[in-house]
Amino acid sequence: VAWLAGAGALVLALFASDRRWRYRQRTLGKAAQVSQESHGFAVSLVRHFMPSFKVQRYQFRGMRAKAGSADIQFTDLGLQLPGGKRVLHGVTGEFRAGRMCAIMGPSGAGKTTFMNTLCGKASYGRTTGSISVNGHPADVSEFRSVTGFVPQDDIVHQDLTVREQIEFSARLRNSADTSPQATQAVVDDVLNVMQVDHIQNSIVGSVEERGISGGQRKRVNIGLELAAQPTVLFLDEPTSGLDSTSSLAVALSLKKMCELGMTSIMVIHQPRYSLFTLFDDVLLLGKGGQTVYLGPSLGAKPYFEGLGFAMPNDENPADWFMDVLSGEVANSRVADFRPEMLFDMWRQQPAAGGPRGDDAGTDGVGPEQERIHGREMSTADDRAILQQKLEEGWDSVDSNGDGVMDAEELRSLLAHCSTMLPGPDVVKDLMERMAGDDAKTVTRRQFMDYLCSLRNYVATDTTLAEYDRRGALGPGRRSMLFDEDGNSGDLLEEGAGDLEHGPRGKVKKLTTVMLDPLSSLKRDTPGVFKQYHVLLLRRFIQWWRMNRQRAIFVVALALGGFFLAVLDRWIINTPRWSAMSLLNLHTCLALLLSIFCLQVFANDQPVFWRESASGVSVPAFFVSRLHMNSIDLLLLTFLFSAIYFVIRQPFVPFTRFFVPFLLTAFAASGWGYFISTVVPPKHGPFIVSLVIFIICGLLGNPSNLQEFLAGGIMEAVVNACSITRWSIQMNFDYDYWHLHPHPQGLEDQAMLGMAKGVFVKETRSTEQWVPVAVLLSMGVVLRILAFLGLRFMHRDKQV
C-alpha cells in the first residue's frame, strides 16, 4: 500500500508540474501578444500625427546590436578528400560584418563544401589555405559560442511547441548571466522576426503527427539559431522546399537581423530576383569549387556583361548566372567559350570583383546620388516636425486641460487613431513604456520621446530603461547611441564599440574599439550544472507528452505480468519458490525495459548532434535524460511486479520481492542505453532482444548455471554479464530461507536441489549483498559505456 501511495503521489506531482508549465506558457504568449498590439497602436499614433515619419514594423526588445563584429577573410581556401581528390580550389575573398551574403553555383560547384570548410565542419577532408577573423588568423569554429549553423534539414524537437523550442535554445546558448526577463524578450524578438508568433503555443509535430506547416517548421529551424544571438550565422539552403513568397519572407527576416550587426552567410539555390537583390554580397562558384565572382549582388550582372555575356530582358538574373556558370550562354567575345575560362577571367580582375562594401552603395544611395537628390530629411528634422504636429494637436489629446494624459485619454486617442478600441492591458503597457512602471499619467515630453523612438531598430522606451537599471536585461548596460544629428539611435552594450551610419541614418558599420578584436567574439555560456537544469526541464516536458507511446509499454508490461502470474498459479501451478518461474519473470522484464530504453537516445539523434556542435554539454544532456527515464523505470517495474505479486501471492514481503526486479530494471536499461548509442536506431530492437535472450535466458538459466559456474573463463563471463544469474539468486535465496520448501514430487525435488546448489550459500550473512553490488555495478558500467558512445560515436556530426 505504501508503494502504491508513493507511486500515485509521484504521478500527481508530475501532473501538477505540467499544468503549471502550460499556464506559464499561456501567460507568456498573452504578454507577447499585448506587447505586439501595443506597438501596433503606437505606430497608428505616429501615422496620425505625421504620416511621413518612418517607423519600424517591429522593434527588438531583447536583442542588441552586436558587441563585436566579425569580418571573415579566406585565402586560397580549399579541401582535399582522403583519396587525394580536391573538391574546393583556392577560394579567396572576404565576408564583412553586418552583411547578408549568398553562396551560389550549379550542382557540383561545392557550395556546401565551401561553407562547411569555412566554419570548420569539413572534418571529412584536409583543409588548405588560411582563414582570418578580423584580420587575425583563426578558425571560425573557435568562436562557436557566437556562431550559429542552420542545417538544410529541419532538425527540431517534434514534441515541443514553437515557443518552447526557441526558449530552451536561448537559455542554453546565451550568456550565463542572462536574466529570465532578457531571455523572454529575446524569445519574443525571434518569434516576431521569424513571423511565427501566432503559432507560438502549437506543437511542431512530425511526419506521423501533423503539427505546423513545412514553411513554419523551416522558420523554427532558423529561429533556434537566432535565439542564441549569433554574431555570425551560417545557413545551408534555408529556402529549400519553400515557395518563392515564403523564401522572400525568410530572407527579409534574416536581413532585419543583419541590422544588429549579424553576419549572415548562406548557401542558396536559384532565388528569384527580388530575393537576390536583398543580398549584400554574393559568391558564385563554378563546377569543381573555384571562384567565378565575389562581390556585391548588384554588381554581378554588370560584371558578366563586361565579360561579353548578354542577358535577355525577360530573364531572371539569378537563373541567368547559373546558365553562364554551366556554359549554356554564348560569349560574344570568345567563340569557343568553356565554363572553366570563368576562373581565369575572375583571377585577371584587378580588384577581384570590383567595388565592395561601403563603396558599392549597399543602401542604393551613394555620395553622388545624395549630391544630386539633395539632403534628405534627418532625424532632427523628423523630430521637429513631429513636435510641431503634437503641439498643434495636444489640446485635443489633453481633453481635461491638466497638461498630462491619463489612461482614459490615451485609450480614446488610440481608438480615434486606429479605429479600434484597445484593451486595458494594451493601454497599461503603453503608459509604462512612455512613463515607467505603474504610470498613471504621461507628459507631453514623454509622449513625444516615445513616438520618436519608434524609428529605431531596438526599442528604447522607459520600461526597458527601468529593466536596465535593475540589471534585468542581462550583463552590462544598454547605452543610447546617437546618430550624426545628435538624436537617439540604436542600442549597444556600453564599451563595445561605435556605430558608423550611412545614408538615411541606417547602421552602416560597427567598429569595435577593444584592444583585442577577437575578445568580443567569446561568450561565457551556461556551465554543466545550469545546462543540466534547463535540459531536465525540457526533458520533463517531452517526457510528459510521450504518454501515448508510454501507454503501449504499460499495456505490454501489465499483460506480461498478468499472464505470467495466471500461468504460474493456475495453469502450470509452479511452486512459489521455482527458479524457472523467476527466470521467466526477470527475462520478460529485462527484455521489455531494454527495448523501451532504446528511445531515450535513439529517437532524436540529429537534434543531439546539432546541439552538441553548438556547445551544449554532453554530460548535462546525458544525465538529464537518464534522470527522467528513471521515473519510467520505477513506475513500469512497480506495475509489472505488483500485478504479478497480487495475483500470484508469493508469501513474501513486497519490498523483498520488488528490490530484485528493480535491480534487474537498472541493469537491463543500461543495455538499452548503450546499444542505442552505438547501433543505428532501426537495428536497436533486434540487437537488444538478442543480447537479453543470451545474457538472461541462456547464461542465467538455472539448469545451465551448474556447468557455467564450474570455473574458468565461462564463469567469469556469466558473473560479469548475466543479469538473471544474480537477480534470481536474490529472490530464490530469500524464498528458500523463509518458506522452507519441502517438495513431494521427484521432479520438484530435483528442481529444488539444482537451484539450491547454484543459488544458496552457507555463508549467506556475508554474501547476501554480492548480487546487489554486481547488478548496480553492471548498470553503472553500461551507463558509462553509453555516455562514451554518445560522446564519441558520429564525431563528424558533432563539429
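Residues numbered from 1 in each chain as written. Predicted model: local features only at pLDDT ≥ 70, side-chain atom pairs only at ≥ 80, totals over all residues. Heavy atoms only, no water.

Student: Is there a simple way to explain the overall build of the chain in this structure?
Tutor: Each helix and strand counted, the chain has 30 helices and 16 strands in total. For the chain, the residues scored as buried account for 55% of the 799 residues in total. Restricting the contact set of the chain to residue pairs at least 6 apart, pairs at least 24 apart contribute 73%. Accessible surface computed for the chain: about 34800 Å², of which carbon and sulfur atoms make up 57%. (Helix = DSSP H or I, 4+ residues; strand = E, 2+ residues; numbered from the N terminus. Buried < 20%, exposed > 50% of the residue type's maximum accessible area, 1.4 Å probe, protein only. Contact = heavy atoms within 4.5 Å. Areas by Shrake-Rupley, 256 points an atom, 1.4 Å probe, with all protein chains shown as cover.)

Student: Sorry, what's going on with helix 30 (residues 770-792) here?
Tutor: An α-helix turns once every 3.6 residues. As a result, residues three or four positions apart point the same way. Helix length check: helix 30, at 23 residues, gives a terminal C-alpha distance of 33 Å against a target of 33 Å (1.5 Å per residue), a fit within 8%. Among the residues of helix 30, those classed as buried are Pro771, Val772, Leu775, Met778, Gly779, Leu782, Arg783, Ala786, Gly789 and Leu790. Directly beyond the C-terminal end of helix 30, a positive phi value near 60 degrees is found at His794. (Expected span 1.5 Å × (residues − 1).)

Student: Even after reading the chapter, I still don't get the nonpolar core, so can you show me in this structure?
Tutor: The biggest cluster of nonpolar side chains holds 99 residues, and the ones touching the most others in it are Phe95, Phe114, Leu118, Phe234, Leu284, Phe304 and Leu342. Counting residues in hydrophobic clusters, the runner-up holds 93 residues, among them Leu585, Leu592, Phe601 and Trp726. (Core = buried A, V, L, I, M, F, W, Y, C linked by side-chain atoms within 4.5 Å.)

Student: Just to check I follow, could you spell out the sheet that holds strand 2 (residues 86-95) for this structure?
Tutor: Whenever strands of a sheet pair, they do so through backbone hydrogen bonds, lying parallel or antiparallel. Sheet architecture is open: four strands sit in the order 2-1-4-5, paired in antiparallel fashion. Among the strands making up the open sheet, the edge pair consists of strand 2 and strand 5 (136-137). Note: strand 4 (residues 126-133) against strand 5, two bridges, orientation antiparallel. When the sheet's bridge partners are listed, Val133 is paired in strand 5 with His136. Across the sheet, helix 2 (residues 111-118) is in contact with strand 1 (72-80), strand 2 and strand 4; its angle to strand 1 comes to roughly 115 degrees. (Pairing = 2+ DSSP bridges. Axes fitted to C-alpha atoms, helices over the stretch in contact; angles between N-to-C directions.)

Student: In this structure, what is going on with helix 17 (residues 528-544)? I would like to understand it.
Tutor: In this model, helix 17 (17 residues) spans 24 Å end to end at C-alpha, consistent with the 24 Å of a helix rising 1.5 Å per residue. Here helix 17 has its buried residues at Gln531, Tyr532, Val534, Leu535, Arg538, Arg539, Phe540, Ile541, Gln542, Trp543 and Trp544. Buried residues along helix 17 sit in contact with helix 1 (2-49), helix 3 (162-173), helix 18 (547-571), helix 20 (599-602), helix 21 (605-613) and helix 22 (618-648).

Student: What exactly am I supposed to notice about the side chain of Asp236 here?
Tutor: Tracing the chain through its elements places Asp236 in strand 7 (residues 232-236). Put simply, Asp236 is tucked away with no salt bridge, and the nearest opposite charge, on Lys111, sits 8.2 Å away. Within polar-contact distance, the side chain of Asp236 engages the side chain of Thr112 at 3.2 Å. When neighbours within four sequence positions are excluded, Asp236 is seen to be in contact with Thr112, Met115, Phe149, Val150, Pro151, Gln152 and Val267. (Lys, Arg positive; Asp, Glu negative; His and termini not counted. Salt bridge = Lys/Arg side-chain N within 4 Å of Asp/Glu carboxyl O. Polar contact = N/O pair within 3.5 Å; in protein donor to acceptor, adjacent residues only side chain to side chain.)

Student: Help me out: how do you make sense of the sheet that holds strand 9 (residues 281-286) in this one?
Tutor: With respect to topology, six strands assemble into an open sheet ordered 6-7-8-3-9-10, the strand pairing being mixed. Pairing within the sheet leaves two strands with one partner each, and these edge strands are strand 6 (147-150) and strand 10 (290-296). For this sheet the average axis-to-axis angle between neighbouring strands, irrespective of direction, equals 15 degrees. Relative to strand 8 (residues 263-267), strand 7 runs parallel, the two sharing five bridges. Residue pairing across strands places Leu235 opposite Met266, the latter belonging to strand 8. The strands touched by helix 6 (residues 244-258) are strand 3 (100-104), strand 7 and strand 8; relative to strand 3, the strand with the most contacts, the crossing angle is about 135 degrees.

Student: Which parts of the structure should I look at to understand the pattern of salt bridges?
Tutor: When the charged atoms of two side chains with opposite charge come close together, those side chains can pair. For the coordinates displayed, the defined rule picks out 22 salt bridges. Residue Glu167 pairs with Arg24 through a salt bridge whose shortest N-O separation is 2.9 Å. Taken together, the residues span a long stretch of sequence, with Glu167 in helix 3 and Arg24 in helix 1 at a distance of 143 residues. On the basis of relative accessibility, which here comes to 0%, the residue Glu167 falls in the buried class. Take Arg24: its relative accessible area is 25%, and that puts it in the partly exposed class.

Student: Explain the packing of helix 22 against helix 23 (residues 654-678) to me, please; I cannot follow it from the model alone.
Tutor: When two helices pack together, you describe them by how their axes are tilted relative to each other and by the distance separating the axes. Their axes nearest at 9 Å, the elements helix 22 and helix 23 cross at an angle of 135 degrees. Judged by the angle between their axes, helix 22 and helix 23 are oblique. The crossing of helix 22 and helix 23 is right-handed. Facing Leu626, Asn629, Leu633, Leu634, Thr637, Phe638, Phe640, Ser641, Ala642, Tyr644 and Phe645 of helix 22, the residues of helix 23 in contact are Phe654, Phe657, Phe658, Phe661, Leu662, Ala665, Ser669 and Tyr673. Class assignment of the residues belonging to the contact of helix 22 with helix 23 gives a composition of 15 nonpolar, four polar and no charged. (Parallel < 35°, antiparallel > 145°, perpendicular 65-115°, else oblique. Left-handed = near helix turned anticlockwise from the far one by under 90°. Nonpolar A, V, L, I, M, F, W, Y, C, P; charged D, E, K, R; others polar.)

Student: Whenever I open this one, unusual backbone geometry confuses me. Can you help?
Tutor: Excluding glycine, a negative phi dihedral is what most residues carry, and trans is how most peptide bonds are arranged. Positive phi, close to 55 degrees, is recorded for Gln649, a residue that is not glycine. Secondary-structure assignment places Gln649 in the loop between helix 22 and helix 23. Looking at Gln649, the relative accessible area reads 33%, which means it is partly exposed. Backbone geometry places His740, a non-glycine residue, at a positive phi of 50 degrees. Considering the arrangement of structural elements, one finds His740 in the loop between helix 27 (724-739) and helix 28 (746-759).

Student: Would you explain the packing of aromatic side chains in this entry?
Tutor: Where two aromatic rings form a pair, the distance of their centres and the angle of their planes describe that pair. Under the counting rule described, the total for this entry stands at 39 aromatic pairs. Judged by centre distance (5.2 Å) and plane angle (50 degrees), the ring pair of Phe74 and Phe95 falls under tilted. In this pair, Phe74 is assigned in strand 1 and Phe95 in strand 2, connecting sequence segments 21 residues apart. Judged on exposure class, the residue Phe74 and its partner Phe95 are both buried. With a centroid separation of 5.2 Å and an interplanar angle of 5 degrees, the aromatic rings of Phe601 and Phe622 are classed as stacked. One end of the pair, Phe601, is in helix 20; the other, Phe622, is in helix 22, and 21 residues separate them in sequence. (Phe/Tyr/Trp six-rings, centres within 6.5 Å; stacked < 30°, edge-to-face > 60°.)

Student: Help me understand the side chain of Thr183, please; the structure alone is not making it clear to me.
Tutor: Of note, Thr183 is situated in helix 4 (residues 180-193). Residues in contact with Thr183, not counting those within four places in the same chain, are Glu167, Ala170, Arg171 and Thr178.

Student: For this particular structure, what's the right way to read the pairing of strand 10?
Tutor: Strand 10 sits mainly inside the fold: seven of its seven residues count as buried. For strand 9 and strand 10, the ladder comprises six bridges, and the chain directions are antiparallel. Directly across from Gly286, in strand 10, lies its bridge partner Gln290. Between strand 9 and the antiparallel strand that follows it, strand 10, lie three residues; Gly288 among them carries a positive phi value of about 100 degrees.

Student: Just to check I follow, could you spell out a nonpolar patch on the surface for this structure?
Tutor: A cluster of nonpolar side chains, namely Val780, Val781, Ile784, Leu785, Leu788 and Phe792, defines an oily patch on the protein surface of about 510 Å² accessible area. With respect to the secondary-structure elements, Phe792 resides in helix 30. (Patch = residues over 30% accessible without salt bridge, like charges linked within 9 Å, V, L, I, M, F, W, Y side chains within 5 Å.)

Student: Just checking my understanding: could you explain the confidence of the model for the chain for this structure?
Tutor: Interpretation of this model should avoid reading the predicted coordinates in detail wherever pLDDT is low. Of the residues in the chain, 90% reach a pLDDT of 70 or more, and the chain-wide mean stands at 86. In the model, residues 352-376 has pLDDT below 50 throughout and makes 31 contacts with residues more than four positions away in sequence or in other chains. Within the model, pLDDT remains below 50 along residues 476-515, and this stretch shows 113 contacts once partners closer than five positions in the same chain are excluded. (pLDDT = per-residue confidence, 0-100.)

Student: Explain the packing of helix 23 against helix 30 here, please?
Tutor: With their axes 8 Å apart at the nearest point, helix 23 and helix 30 run at an angle of 15 degrees to one another. Our classification of the angle between helix 23 and helix 30 gives roughly parallel. Considering only the axes of helix 23 and helix 30, their crossing is left-handed. Residues Leu663, Phe666, Ala667, Ser669, Gly670, Trp671, Tyr673, Phe674, Thr677 and Val678 of helix 23 form the contact with helix 30, whose participating residues are Val772, Leu775, Leu776, Met778, Gly779, Val780, Leu782, Arg783, Leu785, Ala786, Gly789 and Leu790. A class-by-class count of the residues in the contact of helix 23 with helix 30 yields 16 nonpolar, five polar and one charged.

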